[in-house]
Amino acid sequence: MVMFESSIVESKTKWFLLSICIITLFAYFPSLFVPYYLDDFLSIPNNPVFVDASFSSLFNVYGMRTIAYASFYLNYLISPDNTLSFHVANLAIHLINGFLIYKLYFVLCDYLKIPRNKLFIIVVVAMWLLHPFNTQAVTYIVQRLASLAALFVLASLVAYFYWRTKQKSVWLIASIVFFVFALFTKQNAIFLPIFIFLCELCFASDKIKNNLTKTALFSFMLFACVYPFIPEILQKIDLATRESKAISRLDYFNTQLYIHWVYLQKFLLIKPLSLTV
């Protein structure tokens, strides 16, 4: 009887998720026909790098964003003037991210040994897929950098916590590979190891916490010792991770502090979005 009820709940959950995906497709259908705008022109149709490009030429120009621009180039090869394939790819990435959030919830429940609440995760996935806050990352083509980086980060987290629960090295390898992909899609993926470190500090056993703390302190001391001898390497890292040379690190940081409050407001106050703040 319990197994029968469980199968009914599982079936209902799948139907709810399928319904959410269908609603998402209908909601974003008009975006499939949105033309290029703003940075799209310089990044895609008017991009001189896309003339007879190769992976090495893309890497030489875009560095830490090579994978994202390689995905743009693949769409460009299909049709440089028609944006349909670009939008289909963006929408597919958005749907995959919703699925990864769903999987991440269950693998985290297994890792933390807490009961699953399927209604909760259905609501979370629905919010992710349908909240107006995410429309920019789907409709605005070049914002694929953010959504594709999120895809690789989520995939890396799912693989990592699978490794922590199943202790199979293939999941750890997959997590590292997805992290590298995320890092070469958009630089903000660098936060992922820090996020995992904080998760382990909060939820891991005391033995693991102590080992992590010792490793972090040792790494910091080692970096402090070699710092005076590696100025050129640090300069190269700085150049590779910069979004723009036209704005200083401090100015960029101050701008982002303000933007985070704007994002929080737009997330909590659900209303139509515009290109102005």
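Residues numbered from 1 in each chain as written. Predicted model: local features only at pLDDT ≥ 70, side-chain atom pairs only at ≥ 80, totals over all residues. Heavy atoms only, no water.

Next up on the list: the overall build of the protein chain. Per the secondary structure count, the protein chain includes 13 helices and zero strands. Of the regular secondary structure in the protein chain, the N- to C-terminal order runs α-α-α-α-α-α-α-α-α-α-α-α-α. By the burial criterion, 35% of the 277 residues in the protein chain qualify as buried. Taking all contacts inside the protein chain whose residues are at least 6 apart in sequence as the whole, residues at least 24 apart take part in 68%. Working note: accessible area of the protein chain is about 17,500 Å², and carbon and sulfur atoms make up 72% of it. (Helix = DSSP H or I, 4+ residues; strand = E, 2+ residues; numbered from the N terminus. Buried < 20%, exposed > 50% of the residue type's maximum accessible area, 1.4 Å probe, protein only. Contact = heavy atoms within 4.5 Å. Areas by Shrake-Rupley, 256 points an atom, 1.4 Å probe, with all protein chains shown as cover.)

In this section: the pattern of salt bridges. The final tally for this structure, using the stated rule, is two salt bridges. The salt bridge involving Asp110 is made with Arg116; its shortest N-O contact spans 3.0 Å. A salt bridge links Glu200 to Arg164; the nearest nitrogen and oxygen atoms lie 2.6 Å apart. One end of the pair, Glu200, is in helix α10 (residues 191-203); the other, Arg164, is in helix α8 (residues 144-166), and 36 residues separate them in sequence. Here the two residues Glu200 and Arg164 agree in accessibility, since each one is buried. (Salt bridge = Lys/Arg side-chain N within 4 Å of Asp/Glu carboxyl O.)

Here the focus is the nonpolar core. Counting residues in each nonpolar core, the largest one holds 36 residues, and the members touching the most others are Leu104, Ile121, Val125, Leu157 and Phe161. Contributing elements (two or more residues each) for this core: α1 (2-28), α5 (84-112), α6 (118-130), α8, α9 (169-183) and α10. Of all the elements, α8 adds the most residues to this core, at 11 residues. Other than its neighbours up to four places away in sequence, Ile121 contacts Ile101, Tyr102, Tyr105 and Phe106. Counting residues in hydrophobic clusters, the runner-up holds 20 residues, among them Tyr37, Ile44, Tyr62 and Phe86. (Core = buried A, V, L, I, M, F, W, Y, C linked by side-chain atoms within 4.5 Å.)

So, about the side chain of Ser147. With respect to the helices and strands, Ser147 occurs in helix α8. Exposure remark for Ser147: the relative accessible area of 9% places this residue in the buried category. Aside from chain neighbours lying at most four places away, what touches Ser147 is Ile93, Asn97 and Ala137.

When you line up the elements, Thr24 lands in helix α1. Residues within four places of Thr24 in sequence aside, it is in contact with Leu91, His94, Leu95, Leu129 and Leu130.

We now examine α6. A rise of 1.5 Å per residue sets the reference length of α6, with its 13 residues, at 18 Å; its end C-alpha atoms lie 18 Å apart and thus fit the reference within 8%. Sitting at the head of α6, Asn117 places a side-chain oxygen 3.2 Å from the backbone nitrogen of Leu119. (Expected span 1.5 Å × (residues − 1). Polar contact = N/O pair within 3.5 Å; in protein donor to acceptor, adjacent residues only side chain to side chain.)

It is the contact of helix α4 (residues 66-78) with α8, at a shortest axis distance of 9 Å, that shows an interaxial angle of 115°. Relative to α8, α4 is oriented so that their crossing is right-handed. Here Ile67, Ala68, Tyr69, Ser71, Phe72 and Asn75 of α4 lie close against α8, whose contacting residues are Arg144, Leu145, Leu148 and Phe152. Its residues assigned to classes, the contact of α4 with α8 comprises seven nonpolar, two polar and one charged. (Axes fitted to C-alpha atoms, helices over the stretch in contact; angles between N-to-C directions. Left-handed = near helix turned anticlockwise from the far one by under 90°. Nonpolar A, V, L, I, M, F, W, Y, C, P; charged D, E, K, R; others polar.)

Scanning the entire structure with this criterion turns up 18 aromatic pairs. In textbook terms, an aromatic cluster arises when at least three aromatic residues are bridged by ring pairs, as seen for Tyr102, Tyr105, Phe106 and Phe120. (Phe/Tyr/Trp six-rings, centres within 6.5 Å; stacked < 30°, edge-to-face > 60°.)

The subject of this paragraph is a nonpolar patch on the surface. A cluster of nonpolar residues, Leu119, Val123, Met127, Trp261, Leu264, Phe267, Leu268 and Leu269, forms a patch on the protein surface that exposes about 840 Å² of accessible area. Looking at the nonpolar patch, the elements that each hand over two or more residues are α6 and α13 (249-268). When residues of the nonpolar patch are assigned to their parent elements, the largest contribution, four residues, is made by α13. You can see Leu268 is positioned in helix α13. The exposure class assigned to Leu268 is exposed, which follows from its relative accessible area of 57%. (Patch = residues over 30% accessible without salt bridge, like charges linked within 9 Å, V, L, I, M, F, W, Y side chains within 5 Å.)

Coordinates in, geometry out; function isn't part of it.
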